[in-house]
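Overview (structure and organization)
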Amino acid sequence: MQILRPTTPDSGSKWFLYDMGLSLAEKGLLTIINMLPENICLNDSMFYRICGDTKEVVDKIFQELEKLKYVVHIESDDTYIVYEKPLFID
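Remember, predicted model here, so these are calculated numbers, not experimental data. (Residues numbered from 1 in each chain as written. Predicted model: local features only at pLDDT ≥ 70, side-chain atom pairs only at ≥ 80, totals over all residues. Heavy atoms only, no water.)

1. Comments concerning the overall build of the chain
Note the cut-off: Comment: elements are numbered from the N terminus, with helices defined as DSSP H or I runs of at least four residues and strands as E runs of at least two. Note on classification: 1.4 Å probe, protein chains only; a residue is buried when its accessible area is under 20% of the maximum for its type, exposed when over 50%, partly exposed between these limits. Throughout, a contact is declared for two residues whenever any of their heavy atoms are within 4.5 Å. Here the accessible surface of atoms and residues is derived via Shrake-Rupley with a 1.4 Å probe, and residues count as covered only by protein chains that are part of the display. For the purpose of counting charges, residues Lys and Arg are taken to be positive, whereas Asp and Glu are taken to be negative. His and the chain ends are not included. For charged residues, the charge sits on one atom: NZ in Lys, CZ in Arg, CG in Asp, CD in Glu.
Looking only at helices and strands, the chain features 3 helices and 4 strands. Written out in order from the N terminus, the α and β elements of the chain read β-α-β-α-α-β-β. A principal-axis box enclosing the C-alpha atoms of the chain has dimensions of 35 × 25 × 25 Å. Within the span of the chain, comprising 90 residues, buried residues form 37% of the whole. By sequence separation, contacts in the chain at least 24 residues apart represent 57% of the contacts at least 6 residues apart. Working note: accessible area of the chain is about 5,500 Å², and carbon and sulfur atoms make up 57% of it. Computing the positive centroid from 9 side-chain charges and the negative centroid from 15, the chain places the two 4 Å apart.

Structure follows, in structure tokens:
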């Protein structure tokens with residue numbers, strides 16, 4: 001699993017914490033991801049251990065974040081691109 005966080009003018013703003021449309025679990029996962037070093041490559045079990053939850057729970061949260069445009073998942077190489085703001089907000 002690779003997690004990428006593109007650098008944008010809003011990087012570091014933690015904008016997602018103020019998004020009332022996100023659940024506590026979604027905000028928590030985004031917070032954990034934003035605390036990781038940039039462009040980190042983790043094996044799946046290590047990432048789930050860091051999150052403190054099961055694969056099923058974390059994958060479900062990722063799917064919810066994909067629907068909300070905070071995450072883009074590239075399945076071919078198991079890469080997640082994670083944004084601090086949804087893609088449709090400028």
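So, next bit.
2. Concerning the packing of helix H1 (residues 24–35) against helix H2 (residues 44–51)
Helices that pack against each other are described as a pair by the angle of their axes relative to one another and the distance between those axes. Our working rule: Think of each axis as a best-fit line through the C-alpha atoms, taken over the contacting stretch in the case of a helix, with angles from 0 to 180 degrees between the N-to-C directions. The hand of a helix crossing depends on one turn: near helix anticlockwise from the far one by less than a right angle means left-handed, and clockwise means right-handed.
The interhelical angle for the contact between H1 and H2, taken along N-to-C directions, is 120°, at an axis separation of 10 Å. Classified by chirality, the crossing of H2 by H1 is right-handed. Here Leu 29, Ile 32 and Ile 33 of H1 lie close against H2, whose contacting residues are Phe 47, Ile 50 and Cys 51.

3. Quick word on the pairing of strand S3 (residues 71–74)
It is a general feature of regular strands that their side chains alternate between the two faces of the sheet. Convention followed: Two strands are counted as paired when DSSP detects at least two bridges linking them.
Pairing between S3 and strand S4 (residues 79–82): 4 bridges, direction antiparallel. What sits directly across from Val 71, in S4, is Val 82. In this structure, the hairpin formed by S3 and S4 is closed by a connection of 4 residues, where Asp 78 is found at a positive phi of approximately 50°.

4. A short note on the packing of aromatic side chains
Quick reminder of the rule: Centres within 6.5 Å are what make two rings of Phe, Tyr or Trp a pair, Trp counting through its six-membered ring; a difference in plane orientation under 30 degrees is then read as stacked, over 60 as edge-to-face, and the rest as tilted.
Using the criterion set out here, one finds 3 aromatic pairs in the structure. Between Phe 47 and Tyr 48, the aromatic rings sit 6.1 Å apart at their centres with planes inclined by 65°, giving edge-to-face as the arrangement. Judged on exposure class, the residue Phe 47 and its partner Tyr 48 are both buried. Between Phe 62 and Tyr 80, the ring centres sit 4.1 Å apart and the planes meet at 20°, which makes this aromatic pair stacked. Taken as a pair, Phe 62 in helix H3 (residues 55–67) and Tyr 80 in strand S4 lie far apart in primary sequence, 18 residues in all. Using a relative accessible area of 1% as the deciding quantity, one classes Phe 62 as buried. Each residue in the set Phe 47, Tyr 48, Phe 62 and Tyr 80 is aromatic and connected to the rest through ring pairs, giving one cluster.

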